[in-house]
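Residues per chain, in single letters:
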Amino acid sequence: MPKKDLRVDAYIAKSAGFAKPILKRIRKLVHAACPDVTETIKWNSPFFEHKGILIATPAFKQHCALIFWKGKLIFGKDAARQRKKLHRLTSPADLPGDKIVTGYIRKAVELNEAGVKNPARMKSKPKKLVVPDYFLTALKKNKKALASFENFSPSCKREYVEWITEAKREETRASRIKTSIEWLAKGKSRNWKYQ
């Protein structure tokens, strides 16, 4: 027995005229492809779940979308193109054929039943901090300032380096280096006034 949620009925009823037939068709295809699917509302949009999230179908003012939770795994190398196509639906004709959509849904169900997780996002590597030579020379002249700078976290060091290197004029850079050395000698971070 399909598990339909009255909140999804209300969501479809409230959506724009162009979106109603699209959302109804997607809903029908999801229930046909996976009779055990459960409907719910998350983030103010209809979601279809079966052993995890399968699909989201948000509707907006000018378009609606068919979002496969594990789209990268379902579409493979073609994921970006398919995502672009399915994330901007303005009429039922924008949806692929019923057999194609049903195939995507079945693939999503298979992935959830197998317990396959979405691939982890690539973590960006932290940027290596490059301290300009002129600042290092000034730091080496004051032992307390150098010790403070070396003991600071990378983000605190980066704040000082960016503040100094962003100076456009040589006079401004010299003034900032002098101020930085004074603050560092006292063990203060760049934004010490706000802490």
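Please read all numbers here as calculations on a predicted model, not as lab measurements. (Residues numbered from 1 in each chain as written. Predicted model: local features only at pLDDT ≥ 70, side-chain atom pairs only at ≥ 80, totals over all residues. Heavy atoms only, no water.)

## Here we look at the overall build of the chain
Along its length, the chain carries nine helices and four strands. In sequence order, the chain lays out its α and β elements as α-α-β-β-β-β-α-α-α-α-α-α-α. Computed over its C-alpha atoms, the radius of gyration of the chain comes to 28 Å, more than 25% above the 16 Å expected for a compact globule of 195 residues. Dimensions of the chain, computed from C-alpha atoms along their principal axes, come out at roughly 75 × 35 × 30 Å. When each of the 195 residues of the chain is scored for burial, the buried share is 40%. Expressed as a percentage of contacts within the chain between residues at least 6 apart in sequence, the contacts between residues at least 24 apart total 57%. Counting every atom, the chain has about 12700 Å² of accessible surface; 55% of that belongs to carbon and sulfur. Once the 44 positive and 18 negative side-chain charges of the chain are each reduced to a mean point, those two points are 1 Å apart. (Helix = DSSP H or I, 4+ residues; strand = E, 2+ residues; numbered from the N terminus. Rg over C-alpha atoms; globule rule 2.2 N^0.38 Å. Buried < 20%, exposed > 50% of the residue type's maximum accessible area, 1.4 Å probe, protein only. Contact = heavy atoms within 4.5 Å. Areas by Shrake-Rupley, 256 points an atom, 1.4 Å probe, with all protein chains shown as cover. Lys, Arg positive; Asp, Glu negative; His and termini not counted. Charge placed at Lys NZ, Arg CZ, Asp CG, Glu CD.)

## Thoughts on the sheet that holds strand β1 (residues 38-42)
Spatially, four strands are ordered β1-β2-β3-β4 in an open sheet, and the strand pairing comes out antiparallel. Both outer strands of the open sheet, β1 and β4 (67-68), are each paired with one neighbouring strand and no more. With respect to the sheet, helix α1 (residues 6-14) is in contact with β1 and β2 (45-49), its orientation differing from that of β1 by roughly 60 degrees. Helix α2 (residues 19-33) rests against β1, β2 and β3 (53-56) of the sheet, and its axis sits at about 15 degrees to β2. (Pairing = 2+ DSSP bridges. Axes fitted to C-alpha atoms, helices over the stretch in contact; angles between N-to-C directions.)

## Observations regarding the side chain of Arg27
Inspection of the secondary structure puts Arg27 in helix α2. In contact with Arg27, other than residues within four places in its own chain, are Lys4, Asp5, Val8, Asp9, Ile12, Glu39 and Phe48.

## Quick word on the pairing of β2
Among the five residues that make up β2, five are buried, leaving the element largely enclosed by the rest of the structure. Residue alternation in β2 divides its side chains into two sets, Ser45, Phe47 and Glu49 and Pro46 and Phe48, and both sets are buried. Bridge analysis of β1 against β2 gives five bridges, and the strand direction is antiparallel. Its bridge partner lying in β2, Ile41 is registered against Pro46. Note: β2 against β3, three bridges, orientation antiparallel. Residue pairing for β3: Phe48 is matched across the bridge by Ile55. Connecting β2 to the next strand, β3, in antiparallel fashion are three residues, including Lys51 with a positive phi near 55 degrees.

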